[in-house]
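Examining the three-dimensional arrangement
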Amino acid sequence: MKLGIVGLPNVGKSTLFNAITQAGAESANYPFCTIEPNVGVVAVPDERLEKLRELYDSKKIVPTAIEFCDIAGLVRGASKGEGLGNKFLSHIREVDAIVHVVRCFDDENVVHVDGSVDPLRDIETINLELIFSDIEILDRRIQKTQKAAKADKTLASELEFLKKIMTTLEDGKCVRTMEFTEEEQVFVNSLNLLTSKPVIYVTNVCEDDLADDGLNNHHVNTVREFAKTENAEVVVVCAQIEAEISEFESEEEKKEFLQTLGLEQSGLDKLIKSSYALLGLISYLTAGPQEVRAWTIKVGTKAPQAGGKIHSDIERGFIRAETIAFDDLVTVGTMTAAKDKGLVRLEGKDYVVKDGDVILFRFNV
């Protein structure tokens, strides 16, 4: 999974990126300090892996990962080359979802590019630049389809559909606000439009607003109301606190620090959970003496295709999947005991894999 972090300059984008990836992107109180898109790979926290390692006495743990791409601060006119311009919009087209960082804290020592804190105005500024960029892309596609439709009448419906999307964009609305059939959605995805990508709005708040998840921050509540119109997720974080958390070496230290703040999980954990929910993702697990590993798949994936994430031979020569729910395995303690109690199931090619399934694939090629 690849997430692109966007936002206006000085909203806490690079501070957050540094904290969650510990990749050391330059962060400073001025625009465009991120000259190239910074990429960091983050292991997805999953406490189930350590428990399985203990059960199997495995040599190592291999968690699944998320790739974060920090895009330089966009400004009004970016789609026309203002600031660092279109160069960075192209990087966003490659991501699965957009993490839009919105400033929801007041601090006169941190300059705002537009002179004041106004989350909706900031969101609109970014969205309009993405819309303008999409209009340019879609216009070229429409012209191409119009020419082709003269010779191929079957393209008439496609042309009408493209024009329908264009109308939405010209009305200043994102494509993700539209409703599509499953078949239409596949076509829309192929267009790779920026405003069709799912979004998580990360509201960057001060430390005092973390304990109640920003419920008393009117800026955050404004963003929440807006997000409903796009079916978008909202995550409340304090980038500065995330930076402090990232400095602790052990998980125990991190947990103790979070407890002193009255928090159960870090902003990164919340962001990852929201990303999985937004994109409809789950993880299944494999375990053995060599390694314990998590594999990310789409909700609704069947056993052969899930096995194909490990190796194409498993999908091609799939016979069955020996499956047990993680909780059941931990409860009885060993796979032998689980089999004795009839908890291990033999699933066929139509089995839909569930989150937390511990699976051993049988295949032959």
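For the structure given in this document, a descriptive report is provided here. Everything quoted here is computed from the prediction, not taken from an experiment.

Here's the deal with the sheet that holds strand β1 (residues 2-6)
Overall, mixed pairing links the six strands, which are arranged β2-β4-β1-β5-β6-β7 in an open sheet. Both outer strands of the open sheet, β2 (38-43) and β7 (233-237), are each paired with one neighbouring strand and no more. The mean inter-strand angle of the sheet, taken between neighbouring strand axes irrespective of direction, is 25 degrees. Packed on one face of the sheet, helix α10 (residues 267-279) meets β1, β2, β4 (65-70), β5 (97-103), β6 (199-204) and β7 and runs near 175 degrees to β7.

Topic: the packing of aromatic side chains
Scanning the entire structure with this criterion turns up six aromatic pairs. Between Phe 161 and Phe 180, the aromatic rings sit 5.7 Å apart at their centres with planes inclined by 70 degrees, giving edge-to-face as the arrangement. Linking Phe 161 in helix α5 (residues 156-170) with Phe 180 in the loop between α5 and α6 (182-191), this pair joins segments that are 19 residues apart in sequence. By relative accessible area, Phe 161 is classed as buried at 11%.

Things to note about the pairing of strand β9 (residues 291-298)
Note that strand β3 (residues 60-62) and β9 share three bridges and pair parallel. Opposite Val 62, over in β9, you have Arg 293 as the bridge partner. Alignment of strand β8 (residues 281-287) against β9, held across seven bridges, turns out to be antiparallel. Considered in β9, the bridge of Ala 287 is made with Val 292. With antiparallel pairing between neighbouring strands as the criterion, β8 and β9 make up a hairpin whose turn holds three residues.

Some remarks on helix α2 (residues 47-56)
Along an α-helix, a turn takes 3.6 residues, which lines up residues three or four apart on a common side. Regarding α2, the residues found buried are Arg 48, Leu 49 and Leu 52. All buried residues of α2 fall inside an arc of 100 degrees around its axis, so they share one side. Exposed residues pointing more than 90 degrees away from the buried face of α2 are listed as Glu 47 and Glu 54. Buried positions along α2 lie against β3, β8, β9, α13 (326-332) and β12 (357-363).

Notes on the pattern of salt bridges
Scanning all chains against the criterion turns up 22 salt bridges. The shortest N-O distance in the salt bridge between Lys 228 and Glu 225 comes to 3.1 Å. Of this pair, Lys 228 and Glu 225 are both found in helix α7 (residues 218-228), three residues apart, which corresponds to roughly one turn of the helix. Overall, the relative accessible area of 47% leaves Glu 225 in the partly exposed class.

About the thresholds
Along each chain, residue indices are assigned from 1 in the same order as the chain's sequence is written. The predicted nature of this model means local features are confined to residues of pLDDT at least 70 and side-chain atom pairs, given and counted, to a pLDDT of 80 or more, with totals for whole chains, interfaces and linings taken over all residues. Side-chain metrics rest on all non-hydrogen atoms present in the structure, leaving aside hydrogens and water. Strands are labelled as partners when DSSP assigns at least two bridges between them. Runs of H or I in DSSP of at least four residues are treated as helices and runs of E of at least two as strands, each being numbered from the N terminus. Axis definition: a line fit to C-alpha positions, over the contact stretch in the case of helices; interaxial angles, taken between N-to-C directions, run 0 to 180 degrees. Any two residues whose heavy atoms approach within 4.5 Å are treated as being in contact. Pairing of aromatic rings covers Phe, Tyr and the six-membered ring of Trp, with a centre-to-centre limit of 6.5 Å; geometry is then stacked below 30 degrees between planes, edge-to-face above 60, and tilted otherwise. Each residue's exposure class comes from its accessible area (1.4 Å probe, protein chains only) as a fraction of the maximum for that residue type: buried when under 20%, exposed when over 50%, partly exposed otherwise. Arc definition: it is the arc formed by the directions from the helix axis to the C-beta atoms. Salt bridge, as applied in this entry: a Lys or Arg side-chain nitrogen positioned within 4 Å of an Asp or Glu carboxyl oxygen.

Spatial relationships are all this shows, so hold off on functional conclusions.
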